[in-house]
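Given next are the chains, with one letter for each unit.
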Amino acid sequence: MTHKTRFILKAVVLMTAVITLHACKTAEYHKNSGFIFGTSYNITYLNENDLQKDIDSVLQKVDYSLSPFNKQSLITAINENRDTVVDTYMREVFTLAETINADTHGAFDITVAPLVNAWGFGFKNGKMPTDSDIKEICSHVGFNKVRLTDNHIIKDDTLTMLDCSAIAKGYAVDKVAEMLEDRGSKDYMVEIGGEIICKGMNPQGRQWMVGVIKPEEDSLSTNGELQTRLELTDIAMATSGNYRNFYYKGGRKYAHTIDPMTGYPVQHNILSATVLAPTCAMADAYATSFMVVGLNEAKRILDRHSDMMAYIIYTDEQGAYSVWYSPAMKEHIEK
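Residues numbered from 1 in each chain as written. Predicted model: local features only at pLDDT ≥ 70, side-chain atom pairs only at ≥ 80, totals over all residues. Heavy atoms only, no water.

Caption draft 1: The pattern of salt bridges, seen in detail. In this structure the tally under the stated criterion is ten salt bridges. In this structure, the salt-bridge partner of Asp54 is Arg183, at a minimum N-O distance of 3.0 Å. Separated by 129 residues along the polypeptide, Asp54 in helix H2 (residues 52-66) and Arg183 in the loop between helix H7 (168-182) and strand S5 (188-192) bring together distant segments of the chain. Taking relative accessible area as the criterion, Asp54 reaches 23% and is therefore assigned partly exposed. Across the pair Glu92 and Lys175 runs a salt bridge whose closest N-O atoms are separated by 3.5 Å. One end of the pair, Glu92, is in helix H4 (residues 88-103); the other, Lys175, is in helix H7, with 83 residues separating them in the sequence. Its relative accessible area of 35% is what places Glu92 among the partly exposed residues. (Salt bridge = Lys/Arg side-chain N within 4 Å of Asp/Glu carboxyl O. Helix = DSSP H or I, 4+ residues; strand = E, 2+ residues; numbered from the N terminus. Buried < 20%, exposed > 50% of the residue type's maximum accessible area, 1.4 Å probe, protein only.)

Caption draft 2: Spatial organisation of the sheet that holds S5. Read across the sheet, eight strands follow the order S1-S2-S5-S6-S9-S12-S13-S14 without closing on themselves; strand pairing throughout is antiparallel. Strands at the two margins of the open sheet, each flanked by one partner only, are strand S1 (28-36) and strand S14 (321-325). Put simply, the sheet's adjacent strands are angled 10 degrees from each other on average, direction ignored. Where H7 meets the sheet, it contacts strand S2 (39-47), S5 and strand S6 (195-199), and its direction lies at approximately 150 degrees from that of S5. Helix H8 (residues 280-293) contacts S6, strand S9 (235-241), strand S12 (270-277) and strand S13 (309-315) of the sheet and is inclined by roughly 155 degrees relative to S12. (Pairing = 2+ DSSP bridges. Axes fitted to C-alpha atoms, helices over the stretch in contact; angles between N-to-C directions. Contact = heavy atoms within 4.5 Å.)

Caption draft 3: Seen up close, unusual backbone geometry. A positive phi angle, near 55 degrees, is found at His105, a position not held by glycine. Positionally, His105 belongs in the loop between H4 and helix H5 (113-118).

Caption draft 4: Inspection of the pairing of S5 at higher detail. With five of its five residues buried, S5 lies for the most part within the structure. In S5, alternate side chains face the same way, and those of Tyr188, Val190 and Ile192 on one face and Met189 and Glu191 on the other are all buried. Note: S2 against S5, five bridges, orientation antiparallel. Looking across to S5, one finds that Asn42 is bridged to Glu191. Bridge analysis of S5 against S6 gives five bridges, and the strand direction is antiparallel. Counted as the bridge partner of Met189 is Cys198 from S6. In textbook terms, the turn of a hairpin is the stretch between consecutive antiparallel strands, and for S5 and S6 this stretch comprises two residues, one of which, Gly193, has a positive phi near 55 degrees.

Honestly, it's all geometry; don't read function into it.
Written as C-alpha cells, this is what we have:
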C-alpha cells in the first residue's frame with residue numbers, strides 16, 4: 001500500500017466518523033431563560049443545538065437599536081438629535097409603527113415618550129404635570145413630526161422623542177423566532193416579558209398552552225391568577241393592561257397608558273387587552289392601541305383585520321369583570 005493510498009484511506013475513515021457522529025446527533029427541546037429590556041425571557045425550542053448565544057446576540061442587537069435606556073443605542077442617538085443611520089431593526093419598527101399609527105387614527109404613537117415621562121413613568125420626575133404642561137408637551141408629539149428618509153429619522157422638532165417600548169418587545173420576539181427558523185427549529189415558543197410567539201408543537205406533542213392573567217391591581221406583580229388559558233400554535237400573542245403599571249396621587253389612579261391625542265392617561269373601562277396576530281410586534285402595538293381607544297373602537301379595528309383577534313377584559317356599568325372576545329378566539333380557549 002502506497003503512502004498516497006494510506007492517506008486517502010485515513011481521510012475516508014475520518015470523514016465517515018464525522019458523518020456518523022453528526023447523524024447520531026438528535027434534536028431535543030432546549031429551554032433558555034434570561035433578562036433583557038428590564039424583564040425576563042423564556043424560550044423553548046426543538047433543535048440539535050443549544051442556541052443560547054444566538055438568542056443573546058439577537059436580543060443585544062434589538063437592545064442596541066431600540067432601547068432608550070441604552071446610552072449607546074440608535075434610538076438614544078436619534079432622541080439626542082445626533083445624525084444617525086438607522087439599521088434594519090429600527091427601519092422595520094418605524095415603518096410598522098407608522099402603519100399602525102394611521103390605522104388607529106393616532107392612538108398608537110411612538111413619539112409619546114415626553115408624555116410618558118411627564119406622567120411619572122420611564123424617567124420619573126416626581127412632579128405632576130399641569131394642564132399647561134401637557135399642552136406644551138403635546139406640541140412636540142405626533143407622528144407627523146417624524147419621517148424616515150434615506151435611512152435617517154428626520155425630526156421636524158428637536159424636542160420630539162421616540163419611544164418604541166409598546167412594540168419593541170414584540171419585535172424582539174419575532175426576531176428571535178426568525179433566528180430559530182433559520183437554525184432549523186419548527187417547534188418553539190418565544191416569550192419576552194409576556195409577549196409570545198408559538199410555532200409547531202410543545203414537548204408533549206400538543207399545542208402550546210398560554211395563560212391570560214386575571215387583571216387584578218398588582219403593582220408588585222406578585223399575583224398570577226389566570227383568567228383563562230389559550231391553546232396556540234403558529235401565531236403571536238401580546239397583552240397590554242393597566243392593572244400592574246399605575247400609581248395613585250391625590251386619591252386618583254393614573255394608568256401607564258397615555259393617550260397621545262389628549263396627552264392624559266386613558267380612563268377607559270378596559271382592564272387588559274390580549275391580541276393574537278401573525279407577528280408579535282403587530283400584536284404588541286395593537287394591544288396598546290386597544291387600551292387607548294376603548295372597547296367599541298377596538299372592535300371596529302378588529303373588523304378591518306381578519307388575521308387578528310382579541311380577548312378583552314373590562315368592567316361593565318356595575319363595575320363587575322366582563323369579557324369580550326373575537327368569535328375566532330373561541331377555538332383557542334381551553335375547553
